[in-house]
Amino acid sequence: MLVMADGSACLTEKSPGYLDPRAKPYDRAIVEALARAEVPALDPGEAAELWVAGRAALQVLGGCGERPAR
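Residues numbered from 1 in each chain as written. Predicted model: local features only at pLDDT ≥ 70, side-chain atom pairs only at ≥ 80, totals over all residues. Heavy atoms only, no water.

Draft legend 1. How the structure looks around helix α3 (residues 55-64). Here α3 has its buried residues at Leu58, Gln59 and Gly62. Taken around the axis of α3, the buried residues stretch over an arc of 100°, which confines them to a single face. Turning to α3, the residues buried within the fold contact α1 (23-35). (Buried < 20%, exposed > 50% of the residue type's maximum accessible area, 1.4 Å probe, protein only. Helix = DSSP H or I, 4+ residues; strand = E, 2+ residues; numbered from the N terminus. Arc of directions from axis to C-beta. Contact = heavy atoms within 4.5 Å.)

Structural data, given as structure tokens:
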């Protein structure tokens, strides 16, 4: 499966969406959820504000993974 998606475009002052302090924690939450093979809980409104491209694709990807054995 190939998924095309971007995290936030608001990580620095030179980013297209300018600096937003919510961007790094938001991206971190995406990475951590995908690492656990979980669907990241991504609010569409917040994703739009943080210029996250591919929110829906990231959520589908999270649902396709196999959870690690515990």
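Draft legend 2. Just unusual backbone geometry, in detail. Even without being a glycine, Tyr18 presents a positive backbone phi close to 65°. Among the structural elements, Tyr18 can be located in the segment before α1. Overall, the relative accessible area of 48% leaves Tyr18 in the partly exposed class. In this structure, Ala37 takes a positive phi of about 60° despite not being glycine.

Draft legend 3. Inspection of the pattern of salt bridges at higher detail. According to the stated counting rule, one finds 3 salt bridges in the structure shown. Put simply, Arg22 and Glu49 hold a salt bridge, and the shortest N to O gap is 2.9 Å. Pair noted here: Arg22 is in the segment before α1 and Glu49 is in helix α2 (residues 44-49), with a separation of 27 residues, a long-range link. Taking the relative accessible area as the measure of exposure, Arg22 reaches 33% and is therefore partly exposed. Judged by its relative accessible area of 47%, Glu49 is partly exposed. (Salt bridge = Lys/Arg side-chain N within 4 Å of Asp/Glu carboxyl O.)

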